[in-house]
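# Geometric and topological summary
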Amino acid sequence: MSTITSNETWHTRAAERTPGGVHSNARLVGAETVFVRGEGPWLWDVEGQRYADYMLGRGPAYLGHSPATVLDAVQAASVNGMCLGHATPLEVEATEAMLSVIPWAERVRFTSSGTEAVQAALRLARAATGRSIVIQFEGQYHGWVDGVSVVPGASAHQPAPATKGQAPSSYHDTLLLPWNDLALLEQTFLDHSEQIAAVIMEPINIFGGVMPVDGFLAGSRLLTEQHGALLIFDEVVTGFRLAPGSAAGLLGVTPDLATYAKAMGSGWPVSAVAGAARWFDGVASDQVRLSGTYNGNAAAMAAVIATVDMTRDGSVHRAVDTYGRTLMERLVVTAAEQGVALSANGFPSGFWLSFDGLDTPDSDAAAFRLAALLRAHHVIMYRRTWLSSAAHDAEAMEFSVAAFAAALGDDD
Ligand SMILES: Cc1ncc(COP(=O)(O)O)c(C=O)c1O
């Protein structure tokens with residue numbers, strides 16, 4: 001490790017060889033601070049400054065950074081070879097662990113990132129239905145791959161690409177609808193009779209921050225059933241965070257397939273698609289191909305097993321929720337003391353702030369400005385969302401509330 005200790009030096013060095021100095025465009029904001037260590041609820045930059053972290057790597061560090069139990073399990077598993085390229089007992093045990101906390105599912109395929117799990121789920125849905133069109137919702141994110149990477153276009157039938165570099169053919173079969181509009185979803189099914197393979201949604205969009213209205217999830221379930229399409233829950237963020245395993249139980253609606261990543265591996269790169277056995281027909285015979293060199297690698301599997309073991313009984317989730325609920329309340333009260341009307345919506349382990357009292361989409365400029373001010377006071381959150389972990393404690397709470405009060409004071 002070099003002894004250079006300036007953020008600026010490291011960032012300059014990074015940006016000379018890597019576009020923006022970061023390896024994911026989601027990290028372009030804040031790229032000028034370079035981090036060297038994460039432990040529990042804290043991050044340290046190369047200058048030795050400590051930050052309370054509510055971004056948690058955008059979700060994975062549900063147990064806090066560097067959780068000792070998971071780290072030990074990963075180290076023990078890794079010495080026997082990382083990528084054996086064959087079936088392993090670790091894969092079997094990780095699969096069984098997953099299914100023990102996703103009671104509605106019968107099959108699991110591991111992948112390595114959320115994007116890959118989504119791609120796998122869409123392929124399974126298209127294979128099972130023999131149809132092409134996939135419906136998704138505005139303001140939701142399912143990864144950076146071309147087919148799902150769309151923004152509103154001229155009409156619901158013509159989504160626009162989210163980025164340069166996408167061939168129009170890649171999102172030709174993607175329809176992008178407004179969230180929470182059940183009547184439009186029904187009409188879209190009628191307009192595209194027997195062409196729709198799946199509806200994919202983040203049932204709770206933690207980073208976008210718009211709750212489903214009453215009946216939207218259940219209505220989507222009914223419509224997909226009626227029209228022979230699959231309902232896919234993208235639980236890459238909600239899974240293992242809102243509940244041990246699947247959040248679907250909490251929401252009272254069971255999808256056909258769901259994707260998982262982030263919190264399920266406590267920071268080690270792992271993801272999965274899970275669902276009923278019949279949706280995986282054709283995979284074992286190689287008619288439906290799902291591949292990946294790193295799928296099921298030893299570190300990932302050990303991380304999943306250790307994470308499920310630690311969280312299965314729900315006590316970790318109850319503790320995280322208690323912390324998050326207290327934080328929600330204290331941030332709202334702190335804001336009120338300064339004459340700022342603020343609401344905290346969502347779930348304690350992943351909530352978001354609104355300045356207008358409404359549960360509005362994440363274009364809330366005031367919340368974004370606050371995130372920048374908070375960073376100056378050494379608190380990190382992402383967009384307008386606060387993620388809590390099992391490692392957040394009384395010290396982190398007092399530090400964060402004081403920083404929040406100071407940041408609001410700066411916003412005059
Ligand atoms: C809901 C959701 N789905 C999919 C993804 C893509 O996951 P990854 O970045 O691991 O490819 C993300 C990433 O943030 C996500 O939030």
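Use the structure listed above.
Report follows, based on the coordinates. Quantities reported herein were computed from a predicted structural model and do not represent experimental measurements.

### Quick look at the site of the ligand
The full set of residues close to the ligand is Ser113, Gly114, Thr115, Tyr141, His142, Gly143, Glu202, Asp234, Val236, Val237 and Lys262. Taking Gly114, its main chain carries an N or O atom lying 2.8 Å from an oxygen atom of the ligand. Take Thr115: an N or O atom from its side chain is 2.5 Å from an oxygen atom of the ligand. Notes on the ligand: free accessible area 390 Å², of which the protein chains cover 82%.

### Regarding the side chain of Asn345
Here Asn345 is to be found in strand 13 (residues 343–347). Polar contacts involving the side chain of Asn345 include one to the side chain of Ser354, which spans 3.4 Å.

### Description of helix 6 (residues 216–226)
Every buried residue of helix 6 is listed here: Phe216, Leu217, Gly219, Ser220, Arg221, Leu223 and Thr224. Turning to helix 6, the residues buried within the fold contact strand 5 (133–137), helix 5 (182–191), strand 9 (196–201), strand 10 (230–234) and helix 7 (248–251). A positive phi of about 70° marks Gly228, the residue just after helix 6.

### With respect to the packing of aromatic side chains
Taken as a whole and assessed by the stated rule, the structure comprises 10 aromatic pairs. Summarising the aromatic geometry, the rings of Phe137 and Phe216 are spaced 5.6 Å apart at their centres and angled 80° between planes, so their arrangement reads as edge-to-face. Here Phe137, found in strand 5, pairs with Phe216, found in helix 6; they are 79 residues apart in sequence, far enough to count as distant. The exposure classification of Phe137 matches that of Phe216, with both residues buried. Within the aromatic cluster, the residues linked to one another by ring pairs are Tyr54, Phe351, Trp386 and Phe404. Positioned above the aromatic ring of Trp44, the side-chain terminus of Arg37 is 4.0 Å from the ring centre. Lying across the ring of Trp42, Arg50 places its NZ or CZ 3.4 Å from the centre.

### Let's talk about helix 10 (residues 365–376)
Its 12 residues give helix 10 an end-to-end C-alpha distance of 17 Å, which sits within 8% of 16 Å, the value for a rise of 1.5 Å per residue. What helix 10 keeps buried is the set Ala366, Ala367, Leu370, Ala371, Leu373 and Leu374. Summarising the contacts, the buried residues of helix 10 are in contact with strand 14 (350–354), strand 15 (379–380), strand 16 (385–387) and helix 11 (394–410). Immediately downstream of helix 10, the backbone of His378 shows phi near 65°, a positive value.

### Side note on the sheet that holds strand 3 (residues 50–53)
Sheet strands line up and pair through hydrogen bonds in the backbone, either parallel or antiparallel. An order of 1-2-3-15 is seen for the four strands of this open sheet, with the pairing classed as mixed. Looking at which strands have only one partner, the edges of the open sheet turn out to be strand 1 (35–39) and strand 15. Judged from the four bridges that link them, strand 1 and strand 2 (residues 42–45) form a sheet pairing that is antiparallel. Looking across to strand 2, one finds that Gly38 is bridged to Leu43.

### Remarks on the environment of Ala284
Checked against the element boundaries, Ala284 lands in the loop between strand 12 (271–275) and helix 8 (298–311). Considered as a pair, Ala284 and Ser388 are 104 residues apart in the sequence and their alpha carbons are 39 Å apart.

### Quick notes on the nonpolar core
Counting residues in each nonpolar core, the largest one holds 71 residues, and the members touching the most others are Met98, Phe110, Ile135, Phe137, Met201, Tyr260 and Met264. Mapped onto the domain boundaries, this core takes at least three residues apiece from domain 1 (33–66 + 314–410) and domain 2 (68–311). Beyond its immediate stretch of four places on either side in the chain, Phe137 contacts Leu176, Leu177, Pro178, Trp179, Leu185, Val199, Ile200, Met201 and Phe216.

### Quick notes on the environment of Gly249
On the secondary structure map, Gly249 appears in helix 7. According to the relative accessible area criterion, Gly249 is exposed, its value standing at 62%. Once the C-alpha coordinates of Gly249 and Trp104 are considered, the two residues, 145 residues apart in sequence, prove to be 8.6 Å apart.

About the criteria used
- Residues numbered from 1 in each chain as written.
- Predicted model: local features only at pLDDT ≥ 70, side-chain atom pairs only at ≥ 80, totals over all residues.
- Heavy atoms only, no water.
- Near = heavy atom within 4 Å.
- Polar contact = N/O pair within 3.5 Å; in protein donor to acceptor, adjacent residues only side chain to side chain.
- Areas by Shrake-Rupley, 256 points an atom, 1.4 Å probe, with all protein chains shown as cover.
- Helix = DSSP H or I, 4+ residues; strand = E, 2+ residues; numbered from the N terminus.
- Buried < 20%, exposed > 50% of the residue type's maximum accessible area, 1.4 Å probe, protein only.
- Contact = heavy atoms within 4.5 Å.
- Phe/Tyr/Trp six-rings, centres within 6.5 Å; stacked < 30°, edge-to-face > 60°.
- Lys NZ or Arg CZ within 6 Å of the ring centre and 35° of its normal.
- Expected span 1.5 Å × (residues − 1).
- Pairing = 2+ DSSP bridges.
- Core = buried A, V, L, I, M, F, W, Y, C linked by side-chain atoms within 4.5 Å.
- Domains from an automatic or database assignment.

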